[in-house]
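A closer look at the structure
Spelled out from the first residue to the last, the chains are:
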Amino acid sequence: SFEQALDTPQASAAVVGVLTAAAFALRFYKINQPDQVVFDEVHFGKFASYYISRQYYFDVHPPFAKLLFGLAGWFVGFDGHFTFENIGDSYSDNHVPYVGMRALPAILGSLTIPVVYAIMKETGYSTLIAAFSAIIVLFDNAHVAQSRLILLDATLMFFMSLTIYSYVRFRKLRYWEFSVEWWSWLIATGFFMACTWGSKVNGILTVVTIGVAVLIDLWDILDHKKGHTMELFWKHFMARAIGLIVVPVIIYLSFFYVHFAVLTHSGSGDTFMSPAFQETLIGNELLLNSQELRYYDTVTLMHKDTKVFLHSHVERYPLTYEDGRVSSQGQQVTGYGHEDSNNNWQIIPTKALPETGPGRIVRHEDLIQLLHVNTQSFLLTHDVASPLMPTNQEFTTWPKDNHSRFNDTLFYLNLVDGNEGDAWKSKSSHFRLVHAPTRVSMWTHSKQLPDWAFKQQEINGNKNPTEKSATWFVDSIISQEGGYSLMLDDDELKEPKKMSFFKKFAELQLLMLQHNAGLTASHPYASSPINWPFLLSGISFWTENDTQKQIYLIGNVVGWWTCIISLSIFIGIIGADLLARRRGLTPLTEPTRNRLWNSAGFFVVIWAVHYLPFFVMSRQLFIHHYLPSHIASALVAGAVLSFILSDTVNYPISIAGRSTRRRPEELADLGVQGPVVVGVFAILMFVMFLYMSPLTYGTPGLDGETVNQKRLLSSWTLHFAAKTNAEVIP
Amino acid sequence: MRPPQVELDFGTPPGTPPRTSSDFEEVPYPADHHWATAQQQESLPLHYMSEDTATRRRVARGPGSSGGFLSGDEHEGEMQYDDEGKDVYSKSRPAKGRVSSGRIRRPPPPPPTSISEFISQNLEHLPPAIYTLLSCWTRFHKIGHSGVVVWDEAHFGKFGSHYLKREFYFDVHPPLGKMLVGLAGLLAGYDGSFEFKSGAEYSDNVPYVAMRVMMATFGVAMVPLGWYTAVELGLSSWACHLVALMVLCDVAWLCISRFILLDSMLLFFTFTTVFFLTKFHNQQYQSFSFDWWLWLAMTGISIGCVTSVKWIGLFITAVVGLYTIEDLWDKFGDLKMSYRDQIRHWAARVLCLIVLPILVYMMSFKIHFLILNHSGPGDAQMSSLFQAHLVGNDFSRNPLEVAYGSKITLKNMGWGGGLLHSHVQTYPAGSTQQQVTCYHYKDDNNDWVVLPRWDESEYNPNDPLHFLQDGDVIRLQHAATTRNLHSHNVPAPVTKLNNEVSCYGNATIGDYHDYWKVEVVDDIKQGSKDKVDRIHSLTTRLRFRHDTLGCYLRAANSVLPQWGYKQIEVSCDKENNPNDPHTYWNVESHWNDRLPPADTKFFKSPFLRDFWHLNVAMMTSNNALIPDPDKDDILASNPTDWPWMHLGLRMCGWGDHQPKYYLLGTPIIWWGGSASLVVSFIVLGVYLFRHQRKYIDMDSREWDHFLYVGKIAFYGWFLHYAPFFIMGRVTYVHHYLPTLYFSVLMFSHLLDHFIFSSRRWKEKTKKISFGVCAFLIVANFWWFRGLAWGIDGPINEHWGLLWRKSWNIYNA
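Along each chain, numbering runs from 1 in the same order as the chain's sequence is written. As they are written, the chains are lettered A onward and the ligands numbered 1 onward, keeping that order. A pLDDT threshold of at least 70 governs which residues receive local features in this predicted model, and a stricter bar of 80 or more applies before side-chain atom pairs are shown or counted, although totals over entire chains, interfaces and linings include all residues. Computation of side-chain values: all heavy atoms of the structure, hydrogens and water removed.

1. Focus: the overall build of chain B
Starting at the N terminus, helices and strands are each numbered in turn, a helix being any DSSP run of H or I of at least four residues and a strand any DSSP run of E of at least two. Per the secondary structure count, chain B includes 20 helices and 16 strands. Throughout, exposure labels follow a simple rule: accessible area from a 1.4 Å probe, protein chains only, divided by the maximum for the residue type, with under 20% read as buried, over 50% as exposed, and the rest as partly exposed. For chain B, the proportion of its 812 residues judged to be buried stands at 56%. Contacts between residues were defined by any pair of non-hydrogen atoms, one from each residue, lying within 4.5 Å. Within chain B, contacts between residues at least 6 apart in sequence are counted, and of these 74% link residues at least 24 apart. Residue exposure ignores everything except the shown protein chains as possible cover, and the areas themselves are Shrake-Rupley values with a 1.4 Å probe. Accessible surface, chain B: about 34,700 Å² in total, of which carbon and sulfur atoms supply 61%.

2. Examining a positive patch on the surface
All names here are of chain A. Here the term patch refers to residues with relative accessible area over 30% and no salt bridge, with like charges joined within 9 Å and nonpolar side chains (Val, Leu, Ile, Met, Phe, Trp, Tyr) within 5 Å. Just to be clear on terms, a salt bridge is a Lys or Arg side-chain nitrogen sitting within 4 Å of an Asp or Glu carboxyl oxygen. For the charge count, each Lys or Arg is scored as positive and each Asp or Glu as negative, with His and the chain ends excluded. Charged side chains are reduced to one point each, which is NZ for Lys, CZ for Arg, CG for Asp and CD for Glu. On the surface, a cluster of positive charge is contributed by R174, K225, K226, R661 and R663. Along the chain, R174 turns up in the loop between α8 (153-172) and α9 (180-199). What makes R174 partly exposed here is its relative accessible area of 32%.

3. Structural notes on the interface of chain B and chain A
Facing the 33 residues of chain B at the interface are 27 residues of chain A. In this assembly, chain B packs against chain A so that about 2,800 Å² is buried in total across both faces, 59% of it on carbon and sulfur atoms. Joining chain B to chain A, the criterion identifies 2 salt bridges. R582(A) is paired through a salt bridge with D330(B); the nearest N and O atoms lie 3.2 Å apart. We define a polar contact as two N or O atoms separated by no more than 3.5 Å, with the added condition that, inside protein, one atom must be a possible hydrogen donor and the other a possible acceptor, whereas residues neighbouring each other in sequence contribute only through side-chain atom pairs. Counting the contacts that link chain B with chain A gives 7 residue pairs in polar contact (both at pLDDT 80 or more). Secondary-structure elements contributing two or more residues to the side of chain B that touches chain A are α12 (313-332), α13 (339-371), β8 (515-523), β10 (540-546) and α16 (667-692) of chain B. Within the side of chain B that touches chain A, the residues separate by chemical class into 11 nonpolar, 8 polar and 14 charged. What counts as buried area is the accessible surface, traced by a 1.4 Å probe, that two parts surrender upon association, with contributions from both included. The classification used treats Ala, Val, Leu, Ile, Met, Phe, Trp, Tyr, Cys and Pro as nonpolar, Asp, Glu, Lys and Arg as charged, and all other residues, Gly among them, as polar.

4. Thoughts on the confidence of the model for chain B
All names here are of chain B. Per-residue confidence for chain B gives a mean pLDDT of 83; residues scoring 70 or more make up 86%. Summarising per-element confidence for chain B, the mean pLDDT is lowest in helix α2 (residues 46-60) (38) and highest in helix α11 (residues 290-309) (96). Overall, residues 1-98 carries pLDDT values under 50, and its contacts beyond four positions in sequence, including any with other chains, amount to 136 contacts. The complex prediction reports pTM at 0.79, with the ipTM value standing at 0.74. Predictor confidence is given residue by residue as pLDDT, running from a minimum of 0 to a maximum of 100.

5. As for the packing of α13(B) against helix α15 (residues 607-624) of chain B
Residues and elements named next belong to chain B. As a packed pair, α13 and α15 sit with axes 11 Å apart at the nearest point and diverge in direction by 100 degrees. By the angle class used here, α13 and α15 are roughly perpendicular. Here Y361, M362, F365, K366, H368 and F369 of α13 come into contact with α15, specifically with F607, L608, D610, F611, L614, N615 and M618. Axis definition: a line fit to C-alpha positions, over the contact stretch in the case of helices; interaxial angles, taken between N-to-C directions, run 0 to 180 degrees. Here is the rule for angles: anything less than 35 degrees is roughly parallel, anything more than 145 is roughly antiparallel, 65 through 115 is roughly perpendicular, and the remaining ranges are oblique.

6. Examining the domain arrangement of chain B
Residues and elements named next belong to chain B. Split by domain assignment, chain B resolves into domain 1 (132-366 + 644-797) and domain 2 (384-610). If you average the C-alpha positions of domain 1 and of domain 2, the two centres end up 47 Å apart. On the domain 2 side, the residues contacting the 4 residues of domain 1 number 4 residues. Between domain 1 and domain 2, a total of about 360 Å² is buried, with carbon and sulfur atoms accounting for 90% of that surface. When the buried surface of domain 1 facing domain 2 is broken down by residue, F168, M362 and K366 rank first, second and third, together holding 87% of it. At the junction of domain 1 with domain 2, the criterion picks out 0 salt bridges. Joining domain 1 to domain 2, the criterion identifies 0 residue pairs in polar contact (both at pLDDT 80 or more). What counts as a domain boundary in this text is fixed by an automatic or database domain assignment.

7. Observations concerning the packing of aromatic side chains
All names here are of chain B. Think of it this way: a Phe, Tyr or Trp ring, Trp meaning its six-membered ring, pairs with another when their centres are within 6.5 Å, and the plane angle makes it stacked under 30 degrees, edge-to-face over 60, tilted otherwise. Scanning all chains against the criterion turns up 116 aromatic pairs over all chains. Look at Y361 and F611: their rings are 5.8 Å apart centre to centre, the planes differ by 75 degrees, and that puts the pair in the edge-to-face class. Taken together, the positions of Y361 in helix α13 and F611 in helix α15 put the pair 250 residues apart, joining distant regions of the chain. Residue Y361 shares its accessibility class with F611, and that shared class is buried. When the centroid spacing of 6.0 Å and the interplanar angle of 75 degrees are considered together, the rings of Y427 and W563 count as edge-to-face. Here Y427 is found in the loop between β2 (419-426) and β3 (434-439), whereas its partner W563 is found in the loop between β11 (552-554) and β12 (568-569), with 136 residues between them in sequence.

8. Overview of the environment of P399(B)
Residues and elements named next belong to chain B. Within the secondary structure, P399 sits in the loop between α14 (384-388) and β1 (407-412). By relative accessible area, which is 4% here, P399 ends up buried. A sequence separation of 195 residues divides P399 from R594, and the C-alpha atoms of the two residues are 9.1 Å apart. Once residues lying within four places of it in the same chain are set aside, the contact partners of P399 are S537, H590, N592, L595, P596, P597 and A598.

9. Remarks on α13(B)
A helix's residues, less one, multiplied by 1.5 Å, set its expected span. Taking 1.5 Å as the rise per residue, α13(B) with 33 residues should run 48 Å; its terminal C-alpha atoms sit 46 Å apart, in good agreement. Bend is computed residue by residue as the angle between axes fitted to the seven residues ending at the residue and the seven residues starting at it. If you look at α13(B), its biggest bend is around 30 degrees, right at V355(B), and the proline P357(B) turns up within four residues after that.

10. Remarks on the UniProt feature "transmembrane region" (unreviewed entry) in chain B
Residue and element names in this part refer to chain B. UniProt positions are given in the numbering used here, feature names are shortened, and annotations may be inferred rather than shown by experiment. Per the UniProt record, the feature "transmembrane region" (unreviewed entry) sits at residues 260-280, 292-325, 346-365, 668-688, 708-727, 739-756 and 768-784. Within residues 708-727, the helical portion is 90% and the strand portion 0%, while the C-alpha atoms at the span's ends are 29 Å from each other. Helix and strand shares over residues 739-756 are 100% and 0% respectively, and the end C-alpha atoms of the span are 24 Å apart.

11. Some details on the side chain of D408(A)
Residues and elements named next belong to chain A. You can see D408 is positioned in the loop between β7 (393-399) and β8 (411-415). The class for D408 is buried, based on a relative accessible area of 19%. Of note is the side chain of D408, whose polar atom sits 3.0 Å from the side chain of R405. Excluding residues within four positions of it along the chain, D408 makes contact with L379, L380, T381, H382, H435 and P437.

12. Observations regarding α15(B)
All names here are of chain B. Here α15 spans 26 Å end to end across 18 residues, near enough to the 26 Å set by a 1.5 Å rise per residue. When α15 is considered as a whole, its buried residues turn out to be F607, D610, F611, H613, L614, N615, V616, A617, M618, T620, S621 and N622. Contacts from the buried residues of α15 go to α13 and α14.

13. Some words on the UniProt feature "domain: MIR" (unreviewed entry) in chain B
If you check UniProt for "domain: MIR" (unreviewed entry), the listed places come out as residues 399-453, 465-521 and 532-590 of chain B in our numbering. With 0% helix and 47% strand, the stretch residues 465-521 of chain B has end C-alpha atoms that lie 24 Å from each other.

14. Concerning the UniProt feature "domain: MIR" (unreviewed entry) in chain A
Per the UniProt record, the feature "domain: MIR" (unreviewed entry) sits at residues 290-350 and 421-477 of chain A. Structurally, residues 290-350 of chain A comprises 0% helix and 41% strand, and the distance from its first C-alpha atom to its last is 24 Å.

15. Side note on a nonpolar patch on the surface
Judged by side-chain polarity, I530(A), F534(A), L536(A), W561(A), I565(A), I569(A), L612(A), F615(A), V616(A), I644(A), F725(B) and I726(B) come together as a nonpolar surface patch covering roughly 1,100 Å² of accessible area. Of all the secondary-structure elements, those providing two or more residues to the nonpolar patch are α16 (557-582) and α18 (613-616) of chain A together with α18 (723-726) of chain B. With 3 residues, α16(A) is the single largest residue contributor to the nonpolar patch. As for its placement among the helices and strands, I565(A) is situated in helix α16.

16. Quick word on the state of the cysteines
Simply put, disulfide is the name for a covalent bond between the sulfur atoms of two cysteines. Residues and elements named next belong to chain B. For this text, the term disulfide refers to a pair of cysteine sulfurs within 2.5 Å. Tallying each qualifying case throughout the model produces 1 disulfide over all chains. Disulfide partner of C551: C572, at an S-S distance of 2.1 Å. Residues C551 and C572 share a disulfide whose torsion about the S-S bond is about 95 degrees; that sign makes it right-handed. Taken together, the residues span a long stretch of sequence, with C551 in the loop between β10 and β11 and C572 in strand β13 (residues 571-573) at a distance of 21 residues. Per residue, the accessibility class of C551 equals that of C572, and both read buried. Not engaged in a disulfide, the cysteine C305 finds its nearest cysteine sulfur in C352; these two sulfurs lie 14 Å apart. This cysteine, C503, is not joined by any disulfide, and C438 carries the nearest cysteine sulfur, 13 Å off.

17. Focus on the packing of helix α2 (residues 9-28) of chain A against helix α5 (residues 98-122) of chain A
Residues and elements named next belong to chain A. α5 packs onto α2 with a crossing angle of 155 degrees between their chain directions and a minimal axis gap of 9 Å. By the angle class used here, α2 and α5 are roughly antiparallel. Considering only the axes of α2 and α5, their crossing is right-handed. On α5, the residues touching S12, V15, V16, L19, T20, A23, F24, R27 and F28 of α2 are A103, A106, I107, G109, S110, L111, I113, P114, Y117 and K121. Each crossing gets its hand from how the near helix is turned against the far one by less than a right angle, where anticlockwise is left-handed and clockwise is right-handed.

18. Describing the pairing of strand β12 (residues 472-479) of chain A
Each regular strand displays side chains that alternate between the two surfaces of the sheet. Residues and elements named next belong to chain A. Sheet topology places strand β1 (residues 298-303) next to β12; 6 bridges connect them, and they run antiparallel. Residue pairing in the sheet places L301 in a bridge with V474 of β12. In this description, strands pair whenever DSSP reports at least two bridges between them. Pairing between strand β9 (residues 430-435) and β12: 2 bridges, direction antiparallel. Bridge pairing in β12 links F431 to W472.

Below, the structure written as structure tokens:
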């Protein structure tokens, strides 16, 4: 029949060829449009240019996909001069070979289609069903829009689908355990998994998916009924540990190794890193300017978070504050944002010093005094409430010649992550100043004092001596006294220092995690995950006012709603099956039920693991975070369609081993309705794709009325909509 | 199959349960008999034994079951086993079949014939009675020592006063707990006149000691409840003692119960819910009996009470929900049960666990509304209509029909909506013009004057009256600053897709962006729109459409940041959703000297509407209690700080001459409980792992019991703890107190499992370990007793309290 004819390898190859060709055509169509920076190209284009100019940058995503962009850029001759500052900056005017860079995601995005097809095919669905799943991704506006721009998602999704494909191949060889092929697909899974995770932080979800599948698999092997020994179990366990932990970790680390090896110069990412890290970068300010501090040096101290100088002036605290509390009426100590001679403090020792030499260097945990140079008074804090915060101690100063409160002027210098004997350095040493008698740390916050302190920032004593935000550093050395040479050997200092790769990696990885969690600022196009499967809102990527062109990231309504309906049907079938079996009924045949639970169930797990975690994330979320889940839901849709059309499946599909029990073979037969349904669906998808394509390709421009027509859901916020007068309620 | 050559002799089970040296009956599981004898037969290959146990387990369950609460269904007794003749349990099994977890059921004793028999029959109630007396002592000891308003007494004492004065107030918590505070005040003879300022000294007319004692009584009851819950759970008597001791000796529970706070009631009702649930579980063998209905209904009522005290009670509701789902799933798989019984089971759950709690919850609000019939500080949270019939409110004297020149306040009609408000502060971003917000309290900044457009002739008080009508385009002037309500094409601060609404210009300066078209939706009294002739205060529902932009004035419940004083954002919605109540407004107060006051008797505000309105308002305020990054709140803590007692909480001033209370648990109870939760996970993992490899560690009854108690404890703990992580609001240490109960249960359960009910140890070992545990708990309590009873004198003179560096007990 037609069905069997389609399922021959030649026919299958022809179908996949057509689909792939279509995918390339749709993704490369007018890829040079617009010749402007679009949406997050601002970031990822910029990072690519940093790789080419080798300047260090910081980003929350791992470097693999960005390295590929850098490579693509280098390949097409981009010299890194253009920095992608703003959305809408012109590429043509700046002679950027952007088409070459956009080609990379377009190629990967196109290649995702045959992989999706292959997953379905390998899982035992017929050619038609596999084509159906592929078509959902092929004609999807969101996938097309996302993969023809310099964005990370196409890479992520390509490797994610490859990971799934490899894992399916691996599972099918389960009766050929430890064979060469088995090992190859296991290691391929690990390799692609590392690439997925290395492309974008979300790739970790793919790792979790495979982890869940492997755990279920191992639990089965453990089952005593299967008659496996513990030795065999441990062998399986170790194999997976090697293939899915050791290999991916090595690959993942190697991305970072290349990342650090390429980015050797100081750049925009320096300030995120620790001083030790910064000093490994060529041309870094710390590397050039950091010096050891000696007693009697006059310095300025800057607060790390709020970037204000420790400042004092002759004005005094008012006797009483507005809320009726009383001050010490001492000299004010404030935080001040600008350079001023009142920021100068001299480091005074509390111990006997040698005349010259390294003995004069200030070190970690030294007990020091700070002398305010202009007023010749010592920094002091005491048990008096600060002006703004009753819980914190007031900072003031005490005249130099009056020794009555000597103890209150003593501070410990605690270097952050300091070890005994470490020298205090300007710029690079972060430190906390902890008051010796009361154990408060000098702290400031962004709240301003009233007019009596000229709206400068409050400095107070924080009761937590290890408070993270109480970190300061020496910004500059104003003058040096004492008998040692000021001459510094420039050549010696400019040589970048070494730091072990693993230390660098650990530091960066930790920072990435922290910053990822910290991306909570609101964004007009951020949306909550519940909106995504229903396509309730999109993202405005780019607009051009003169021609009324715009790119709006939104999926193909037909495809997305098919997917979400399929998911609901799947849950319905599974629920009904559970209930029925609980009542002792078995409505499904064993092969159908197996397929539904094991293969469609696996797809649903992929979908859920790539989707549900977003509900508990508090970071900014966008609809393109759903795209990996959308691919998974396309797989589910195929499985569900197959279930609806026919109760036959291709069975068995695992490669039988030497001693595997023979099972009755069965071939899927969708009947006549199969080609009809898939054909009609393909046409519908294509028509809808074409209808929405002006928003996807950003061309041609649309007049207001047309924009209103394209706005299929009222929640889409398209630009250039014609004004409709709000109707008066009848 | 069992090899035939093995001969089994299990002996006969002892006729009467053995008595221990203590005063309580030690009830061994029937399983023990079997094991005790099996242990003697060391050569017996256990592997074969367990296989027939496994066979039995398979028969008893429906397909797909994985050991629910009720595995081993009601008909187990009627099951016919292949090996019936050899079944060692069959003799000790009650004829009707039984639930395989929970308390072992004993037949009721014969009626006592003499006093001594009566005493011996009820001897098991002696220990809980003693614990209750001890609990009275710890809870009431020195309860009036601190004569000042401690901590949240400032809130809850005040709310109690409002009930006595019958003034309407607003708070984020449901009313039951506060009404009980009010009741305590009433019984103690308090007249409601005290202000309850934080830290203030109680005046002579406040019977605060009596009120505290009444609150602490709820705390006293926790101890016997803990004991009987442990009994009902089927823990050994050793473990029952431990549960009671831990409940008795936890300093945090003690401390929080001794003041006029809601927590003692919340804890009490949480405890009763668990107790009733376990009671109900033990009645499962006789569905639809009187006792079965009684405990199911009591569970429902208890759920209703706990949620009517604080919404945190919803967590315990979720525990009951999980239990019920699993239970019903088990029943669903019972193919022998008739359809009628299936339906009856479902109906009973719906009735007792859904309908009943909702009724209790609504009842508490009904009483709340009935008591608070005077105007008070919470008026503005409610709809205008509701306010109109509060005693002391003058809305009914408003002129009825709004005219040009009227001064009005506008109330948003979305659930929980406030009054349209503006103040001199400006937006920090956007247009930087004067802020317009929605505000829940009454002040002069809510007043607006209805004025004609700029292009019309200026309003003149001497002109003939011109009433406001549907479709009029007007200007709304903010009375206090004379600026005009204004909107323009600038994104609103929070809802960026809407236009910003601001106040702009003054009495003479303005532009066409100040024009608003009045659109009538309908009138509650006059009916649909076409019947509305003139706009009436209170009853007419209006929308304001910006004349040039076409957007609608809207206040949904999004909260402005600190610069907007956490008031509600007002924006202009570009979408026209005619059904969006957040764009509906009504005129609330109305002043116009030229109009006569309305003499209409105002209409009833339906209870359900008020109930829903108040609940939405509570929800909105609760969500607005988010941690303020600008403010360093030393009292607030993170959920991660709780299980290991990272932080305590100073409940009052820390001066040398006042008694000081510090909210901190008894470390051994908190740490032991948290550790036991970790251990329970590991143990479960190990058991499952061994089960998968076909090692038999327990028979099915023991396994079911282990799972049943473990599930109650773990679900309870998890559902009372995890939600705090996703909640946006500020959290405090005392939010962990209901959670602690479940970690105590888990702790006792594991001790019971590994020591007191384990076959591995000798009786003597068990006694010694119990002695050690009890001693540690009591000693630990005694060490920290001052935290709850009040520490006198300078704090730094008390030694040895700082067990973790992060506690701020001592003054640095």
